[in-house]
Every structure is written in C-alpha cells, then in structure tokens.
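If you want the building blocks of each chain, they are given just below.
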Amino acid sequence: MSVFALRLKEARMHLGLSQEKLGVLAGIDEATYSARMNQYERGKHSPDTNMVERLARVLNVPEAYFYARDDDLAWLIVHVHRANKERRKAIIEYIQANF
C-alpha cells in the first residue's frame with residue numbers, strides 16, 4: 001500500500017467518514033465516487049493535485065500529510081496544521097530555540 005493510500009484511509013477513518021461520504025464531500029461525481037475512493041485507498045490510482053487539495057480540505061489535513069512516510073512526522077504535520085495562529089507561533093519558536 002502506498003503512503004498516500006495509508007494516510008488517506010487513516011484521515012478518513014479518524015473522522016468516521018465512509019469512502020462514499022468522503023467522495024461526495026470532495027465533489028467527486030456520484031457515478032464514480034465509490035470506485036475512485038476505493039482505488040485511491042488501495043493505491044491502485046493516485047489522485048491529481050487538485051483532488052489531493054480537495055481531499056485535504058475535507059479531512060482538515062495539509063497535503064504534505066498524505067506523503068509523510070514517518071508516522072511521527074505525519075502526526076506533527078497534522079497537529080501544527082490544526083493549531084491556531086498563537087499555538088503555531090509558539091511551536092515554531094520552541095523549535096527554533098531548541099534545534
């Protein structure tokens with residue numbers, strides 16, 4: 001399974017969405033959303049950049065999350081993305097001061 005496929009499934013399941021619901025929310029045509037989402041999650045096909053952006057928006061993750069091979073890095077990417085502006089600034093300042 002590709003890293004993209006794994007991350008897509010993790011993010012979808014974290015929100016409790018079915019493949020079909022995610023497909024609808026991402027604006028995939030009704031005639032193909034179920035099959036396309038299944039193919040993305042199995043790694044059979046990869047979505048284009050526009051579709052990755054739409055999936056990321058629906059799942060509230062940055063596009064980079066889908067490509068992070070390391071689980072810890074993927075976790076950090078999502079949590080920094082979801083942090084409010086103040087919290088994100090504090091995270092950046094901490095990293096700059098300590099690394």
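The following paragraphs examine the structure supplied in this document. (Residues numbered from 1 in each chain as written. Predicted model: local features only at pLDDT ≥ 70, side-chain atom pairs only at ≥ 80, totals over all residues. Heavy atoms only, no water.)

### Digging into the nonpolar core
For clarity, the cut-off: What makes a nonpolar core is a set of buried Ala, Val, Leu, Ile, Met, Phe, Trp, Tyr and Cys residues whose side-chain atoms join them at distances within 4.5 Å. Only protein chains enter the area calculation, which uses a 1.4 Å probe; residues under 20% of their type maximum are buried, those over 50% are exposed, and those in between are partly exposed. Starting at the N terminus, helices and strands are each numbered in turn, a helix being any DSSP run of H or I of at least four residues and a strand any DSSP run of E of at least two. We call two residues in contact whenever any of their non-hydrogen atoms come within 4.5 Å of each other.
If you look at the biggest cluster of nonpolar residues, it comprises 22 residues, and the most contacted ones within it are Leu 8, Leu 55, Leu 59, Val 61, Tyr 65 and Phe 66. Elements supplying a minimum of two residues to this core: helix H1 (3–14), helix H3 (33–42), helix H4 (49–59) and helix H5 (71–82). For this core, the element with the most residues is H4, which contributes 5 residues. When sequence neighbours within four positions are dropped, the list of residues in contact with Val 61 reads Ala 11, Ala 56, Phe 66, Val 78, His 81 and Arg 82.

### Regarding H5
As a reminder, the rule being used: Expected helix span is taken as 1.5 Å per residue step, with the number of steps being one fewer than the number of residues. The directions considered for the arc are those from the helix axis to the C-beta atoms. Any N or O atom pair separated by 3.5 Å or less is treated as a polar contact, with the protein-specific requirement of one donor-capable and one acceptor-capable atom, and with residues adjacent in sequence counted only for side-chain atom pairs.
Over its 12 residues, H5 extends 17 Å from the first C-alpha to the last, a length consistent with the 16 Å expected when each residue adds 1.5 Å. Buried within H5 we find Ala 74, Ile 77 and Val 78. Buried positions in H5, seen along its axis, are confined to an arc of 90° and lie on one side of it. Seen from the open side of H5, the exposed residues pointing more than 90 degrees away from its buried face are Asp 72 and Trp 75. The inward-facing, buried residues of H5 contact H1. Where H5 begins, the side chain of Asp 70 points an oxygen toward the backbone nitrogen of Asp 72, at a separation of 3.0 Å.

### A short note on the packing of aromatic side chains
Heads up, the condition is: Pairing of aromatic rings covers Phe, Tyr and Trp, the last counted by its six-membered ring, and requires centre-to-centre distances within 6.5 Å; plane angles under 30 degrees mean stacked, over 60 mean edge-to-face, and any other angle means tilted. Only when the NZ of Lys or the CZ of Arg is both within 6 Å of the ring centre and within 35 degrees of the ring normal is a charge said to sit over the ring.
In the structure shown here, the tally under the stated rule is 3 aromatic pairs. Both rings, one in Phe 4 and one in Tyr 67, keep their centres 5.8 Å apart while their planes meet at 40°; by these two values the pair is tilted. Here Phe 4, found in helix H1, pairs with Tyr 67, found in the loop between H4 and H5; they are 63 residues apart in sequence, far enough to count as distant. Judged by relative accessible area, which is 7%, Phe 4 ranks as buried. Pairwise contacts between aromatic rings join Phe 4, Tyr 65, Phe 66 and Tyr 67 into one cluster. Over the ring of Tyr 65 we find Arg 7, and its NZ or CZ is 5.8 Å from the ring centre.

Function-wise, these values are silent; they only describe arrangement.
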